[in-house]
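Understanding the architecture of this molecule
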Amino acid sequence: MKAHERYRLTCEDLNHEGLGVCKIDRFPIFVPGLLPSEEGIVEIEELKRNYGYGRVVKHLKSSPSRVEPICPVFGECGGCQLMHMDYSAQLAFKKKMAEETFKRLGHLDIRVQEVIGMDYPYHFRNKVQVPFRTETGEIRAGFFKRNTHEIVPLEECFIQPEAATEVVKTVKNLLDEYELSAYDEEAHRGWLRHLLIRKTVSGEYMVVFITKEKEFPQEDLIVKTLISRFPKVKSVLQNINPEKGNVILGEESRVLHGSRYLIDELCGLRFRISEKSFFQTNHVQTEKMYKKILEFASPSAEDVILDGYSGVGTISLLLAGKARKVYGIEIVPEAVRDAKVNAEMNGIKNVFFLLGKTEEEIATIREKINTAVVDPPRKGCDKSLLEAIIKRRIGKIVYVSCNVATLARDLEILAEHYEVCKTILFDMFPQTSEMEAVSLLRLKND
């Protein structure tokens, strides 16, 4: 087998990234755009030691689950992986993938009770970060091709608000008009690196210019043009990031127009959102998920609850309405400050936010904790946090995860002492291979 050779292959399955899995003498070849049961002529593009990648040269047999992607650059842009698959089939794939991951990585036979999807699985993102780059002497704004930093120019996008796409196109035209530069990664020069756009449920927008330098040429003209064309833009900021690397936001920001923050609403509560705030990117699905978290936690008026990795306090404040006391722990100082403001803004006084690592700060809580809610980043919970929860014999755990692989790893550790009662998936990211999971665990009787 060599690169550029062509084979007639049948897709046997999808991997966790939504790539078709084909085999040549048991050697796996991952093929974008090929669905299970489909056949095609596949050209080998790259060979690794234990697997390879290919591309479909010609489709020979199509799956009943195949649909025509509504995005003209699907397959070229790396933002979506499953738009060629019927939406009900996408949900079934995510359920199957989660259950297989629990078994393979966690050695647990966990059945997903339900996959909660969207009625309209498009234009759902309330936050987008669009890279601007100089390529072959031209400014390009869009999203990266799969596994590259080459830009696919943004004309329309079906997973972000239409207004956000128009803002990006307007800014790109303004850079051309005023002869401003976009970032060049290799040379580490150029002015505009990214455009960050946030949208509230009421339809207000924040636009953040992420630049390499503090200077903002033609600042007044650009900001005036932007807010006149888009009256819903209530906040315009500049964030300065002079560093090399993939970190998008820098340390310093300044307000160019309007408010420093947006006020968003979720489950009847109000939240202050900055350019750096972690806030779920799909409002419709987040409300569904948070209601399920509240149902799983089922707090009583006497309960003390731990909210680990609490961010700007969304889950903490939701739980506080039913519990006696909630402790939210978060390592990001800005998030803790926002969380305290959010508690005050909602008149909630029985929440206490602690700055630090959840695995360390839990030891400062002397009261008996009835329920632990954890919503860690993709790397999952620190093992010492799981050990602390087990040692304290916390009766109930609600584990919220954006990475089923690390959830499976952590559930295996907890399963010796806890029963995994229910697991539900939420399709927070339709058209992609990503999913969000919520598991309910109860302490086993000795």
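Residues numbered from 1 in each chain as written. Predicted model: local features only at pLDDT ≥ 70, side-chain atom pairs only at ≥ 80, totals over all residues. Heavy atoms only, no water.

What follows deals with the overall build of the chain. Secondary structure summary: the chain contains nine helices and 23 strands in total. For the chain, whose C-alpha radius of gyration is 23 Å, the value lies close to the compact-globule estimate of 22 Å for 446 residues. Taking the principal axes of the C-alpha coordinates as reference, the chain spans close to 60 × 60 × 40 Å. Put simply, the chain has 446 residues, and 54% of those count as buried. Across the chain, contacts joining residues at least 24 apart in sequence account for 63% of those joining residues at least 6 apart. As presented, the chain carries roughly 20700 Å² of accessible surface, and 49% of it is formed by carbon and sulfur atoms. Both charge centroids of the chain, one from 64 positive and one from 66 negative side chains, sit 3 Å from each other. (Helix = DSSP H or I, 4+ residues; strand = E, 2+ residues; numbered from the N terminus. Rg over C-alpha atoms; globule rule 2.2 N^0.38 Å. Buried < 20%, exposed > 50% of the residue type's maximum accessible area, 1.4 Å probe, protein only. Contact = heavy atoms within 4.5 Å. Areas by Shrake-Rupley, 256 points an atom, 1.4 Å probe, with all protein chains shown as cover. Lys, Arg positive; Asp, Glu negative; His and termini not counted. Charge placed at Lys NZ, Arg CZ, Asp CG, Glu CD.)

For the rest of this paragraph, the subject is the environment of E204. You can see E204 is positioned in the loop between β11 (192-199) and β12 (205-211). We classify E204 as partly exposed; its relative accessible area is 28%. Sequence-wise, E204 and F230 are 26 residues apart; in three dimensions their C-alpha atoms are separated by 9.9 Å. Filtering out sequence-adjacent residues up to four positions away, E204 remains in contact with R198, K199, K232, K234 and L262.

So, on to the nonpolar core. Ranked by internal contacts, the top residues of the largest apolar core, which has 86 residues, are F102, F132, V171, L195, F209 and Y418. Considering each element in turn, this core owes the most residues, seven residues, to helix α1 (residues 87-106). (Core = buried A, V, L, I, M, F, W, Y, C linked by side-chain atoms within 4.5 Å.)

Further remarks concern the packing of helix α8 (residues 383-391) against helix α9 (residues 404-414). Packed helices, taken two at a time, are described by the angle their axes make and the gap between the axes. Packing of α8 against α9 leaves a shortest axis separation of 10 Å and a crossing angle of 35 degrees. The two elements α8 and α9 cross, and the hand of that crossing is right-handed. Of the residues in α9, those in contact with K383, L386 and I390 of α8 are D410, I413 and L414. Per-class residue counts for the contact of α8 with α9 are four nonpolar, no polar and two charged. (Axes fitted to C-alpha atoms, helices over the stretch in contact; angles between N-to-C directions. Left-handed = near helix turned anticlockwise from the far one by under 90°. Nonpolar A, V, L, I, M, F, W, Y, C, P; charged D, E, K, R; others polar.)

What the rule picks out here adds up to nine aromatic pairs. Taking 6.5 Å as the distance between ring centres and 35 degrees as the angle between the ring planes, the aromatic pair formed by W191 and F209 counts as tilted. With a gap of 18 residues between them, W191 in the loop between α2 (162-177) and β11 and F209 in strand β12 connect regions that are remote in the sequence. In this pair, the class of W191 matches that of F209, namely buried. Judged by centre distance (6.0 Å) and plane angle (55 degrees), the ring pair of F271 and F279 falls under tilted. Accessibility classification places F271 together with F279 in one group, the buried group. Taken together, F30, Y51 and Y53 form an aromatic cluster joined through their ring pairs. (Phe/Tyr/Trp six-rings, centres within 6.5 Å; stacked < 30°, edge-to-face > 60°.)

Time to look at the side chain of K325. Among the secondary structure elements, K325 is positioned in strand β18 (residues 325-330). Of note is the side chain of K325, whose polar atom sits 3.2 Å from the side chain of E367. (Polar contact = N/O pair within 3.5 Å; in protein donor to acceptor, adjacent residues only side chain to side chain.)

Overall, the coordinates contain 28 salt bridges when judged by the stated rule. Its salt-bridge partner being E252, residue K214 comes within 3.6 Å of it at the nearest N-O pair. Of this pair, K214 sits in the loop between β12 and α3 (219-229) while E252 sits in strand β14 (residues 252-258), and the two are 38 residues apart along the sequence. Two residues, R254 and E219, come together in a salt bridge whose shortest N-O distance is 2.6 Å. Remark: E219 occurs in helix α3 and R254 occurs in strand β14; sequence separation between them is 35 residues. For R254, a relative accessible area of 30% corresponds to the partly exposed category. A network of salt bridges, in which partner residues are shared, links R6, E43, E45 and R55. (Salt bridge = Lys/Arg side-chain N within 4 Å of Asp/Glu carboxyl O.)

Strand order in this open sheet of six strands is β1-β5-β6-β4-β3-β2, and the pairing throughout is mixed. Only two strands of the sheet have a single neighbouring strand rather than two, namely β1 (6-10) and β2 (13-14). Note that strand β5 (residues 39-47) and strand β6 (residues 52-61) share eight bridges and pair antiparallel. Counterpart to E43 in the pairing with β6 is R55. (Pairing = 2+ DSSP bridges.)

This brings us to α1. Here α1 contains 20 residues, and its C-alpha end-to-end distance of 28 Å stays within 8% of the 28 Å for a straight helix at 1.5 Å per residue. Of the residues making up α1, those classed as buried are Y87, A89, Q90, L91, F93, K94, M97, A98, E99, T101, F102 and G106. On its buried face, α1 sits against β2, β7 (114-116), α9 and β22 (418-426). (Expected span 1.5 Å × (residues − 1).)

A few words now on the pairing of strand β21 (residues 396-401). Burial of β21 is extensive: six of the six residues sit out of reach of the surface. Here β21 shows no split at all, with K396, V398 and V400 on one side and I397, Y399 and S401 on the other all buried. Across four bridges, the pairing between strand β20 (residues 371-374) and β21 is parallel. Each residue of the ladder has a partner; that of T371, found in β21, is K396. Running through α8, the crossover from β20 to the neighbouring parallel element β21 is right-handed. (Right-handed = clockwise from strand over helix to strand, strands pointing away.)

Attention now goes to unusual backbone geometry. Phi at H4 takes a positive value of approximately 80 degrees, unusual for a residue other than glycine. Within the fold, H4 resides in the segment before β1. By relative accessible area, H4 is classed as exposed at 59%. The phi dihedral of C267 falls on the positive side, at around 55 degrees, and the residue is not glycine. As for its position among the elements, C267 is in the loop between β15 (262-266) and β16 (269-273).

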